[in-house]
Each structure stands twice: as C-alpha cells, then as structure tokens.
Amino acid sequence: MAGLLSIPSEVLSSAGVAYVHYLSFMVCFGALVLERRLIRPDPDRKDAILMVITDVTYGLAALGVLLSGILRVLYFGQGSSFYTENPLFWWKVGTYLAVGALSLYPTITYILWAIPLRKGELPKVSEALAKRLRWVLNIELAGFAAIPLMAALMARGVGLAG
C-alpha cells in the first residue's frame, strides 16, 4: 500500500483517465457485439428491451470514450502536438466519428421501439430491417476494431514526421 501512496497524483490522474478511456472503449465494443448477436426479426419483449438498454449503454460508453479522449489529448496524454500532428490520430478520430454517425440509425430504430414497448406491444422488425441493422452493426464493429490498431501504431511513433 505504501508504494501506491508514493505515486505522484499526476501519474494517478493520467492513469485514471486512460483507464476510463480503455474501459469505455471495451464497453462500447461489447455493447455492439451484444446488439449484433441479438438483432433478428420480431424480437421478443425481453430481447427488444435488452437491445434498447444495450444501446443506451453503448451511447454512454461512447461519451466516456470521447470525453476521456479529449482529456488525454489536452491534459493527460503525450502532449496535444503528439496527437494533432499525427495523421493516424485524425484517422482514429474520423473512424470514431463515422462509427458514431452510423450508430444513429440503430439508435433511432431502438428509440422508436420504446413507443410500442411502453404500451406493452412488441416492435415490428422485418427481415429487411434486421438485415440492415446487422450490416450497420458489422461496419461499426469493423471500425471500432481498427481504432486500437491505429492507437498501437501511433504509440510507436508511426505517422509522425521523421
């Protein structure tokens, strides 16, 4: 315990923000995997409610990724120039934003499910809608899977001017 108490507070703060960033990312990915696994035509009430809850969890975790990422760039990371001068950083940000934009379609769909669910009814989910949602979720998962690769390359100086 004495070793932990001797760690400088700025190191603990930086590690804490990094931890929130990584954990939020993992929750996002896990939520997307669960959504992808659950999506099917005419889900039962339990699965429809779970999809809505999972998407809310995904949204909150994505906000955690965004806010902790901003804190890392501005205060707790390697210095803002390390990030902003690296094209891979902008690819990471662009991928995150693209995945976020894609996630609006499932999110709006699930919000619309809440209307019949509150009335005790089930949402109408056609095979075509389920297929579209699966495609969107597959693309989101691929995008999210690429982000840690870009981060690992960045951490090793790839993308920085020589």
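What counts and how
Residues numbered from 1 in each chain as written. Predicted model: local features only at pLDDT ≥ 70, side-chain atom pairs only at ≥ 80, totals over all residues. Heavy atoms only, no water. Helix = DSSP H or I, 4+ residues; strand = E, 2+ residues; numbered from the N terminus. Buried < 20%, exposed > 50% of the residue type's maximum accessible area, 1.4 Å probe, protein only. Contact = heavy atoms within 4.5 Å. Areas by Shrake-Rupley, 256 points an atom, 1.4 Å probe, with all protein chains shown as cover. Lys, Arg positive; Asp, Glu negative; His and termini not counted. Charge placed at Lys NZ, Arg CZ, Asp CG, Glu CD. Axes fitted to C-alpha atoms, helices over the stretch in contact; angles between N-to-C directions. Parallel < 35°, antiparallel > 145°, perpendicular 65-115°, else oblique. Left-handed = near helix turned anticlockwise from the far one by under 90°. Nonpolar A, V, L, I, M, F, W, Y, C, P; charged D, E, K, R; others polar. Phe/Tyr/Trp six-rings, centres within 6.5 Å; stacked < 30°, edge-to-face > 60°.

**Q** Kindly report on the overall build of the protein, identifying the contributing residues and their values.
**A** Scanning the protein from N- to C-terminus turns up 7 helices and 0 strands. Listed by position from the N terminus, the elements making up the protein come as α-α-α-α-α-α-α. Projected onto its principal axes, the C-alpha positions of the protein cover 55 × 40 × 20 Å. Residues classed as buried in the protein amount to 35% of the 162 residues present. Considering only residue pairs separated by 6 or more positions, the protein has 82% of its internal contacts joining residues 24 or more positions apart. Of the roughly 9600 Å² that the protein leaves accessible, carbon and sulfur atoms contribute 71%. Each charge sign in the protein was given a centre, from 14 positive and 10 negative side chains, and these centres are 4 Å apart.

**Q** So, the packing of helix α2 (residues 9-38) against helix α3 (residues 45-76): which residues are in play, and what are the values?
**A** At their nearest, the axes of α2 and α3 sit 7 Å apart, and the two run at 155 degrees to each other. As the angle between them shows, α2 and α3 are arranged roughly antiparallel. The two elements α2 and α3 meet at a crossing, and its hand is left-handed. By residue class, the composition of the contact of α2 with α3 is 19 nonpolar, 9 polar and 4 charged.

**Q** Can you tell me about the packing of aromatic side chains, naming the residues and giving the values?
**A** Tallied over the entire structure, the rule returns 7 aromatic pairs. Considering the side-chain rings of Y58 and F144, the 6.3 Å spacing of their centres and the 75 degrees angle between planes classify their relative orientation as edge-to-face. With Y58 in helix α3 and F144 in helix α7 (residues 127-155), this residue pair connects regions lying 86 residues apart in the sequence. You can call Y58 buried: its relative accessible area is 4%.

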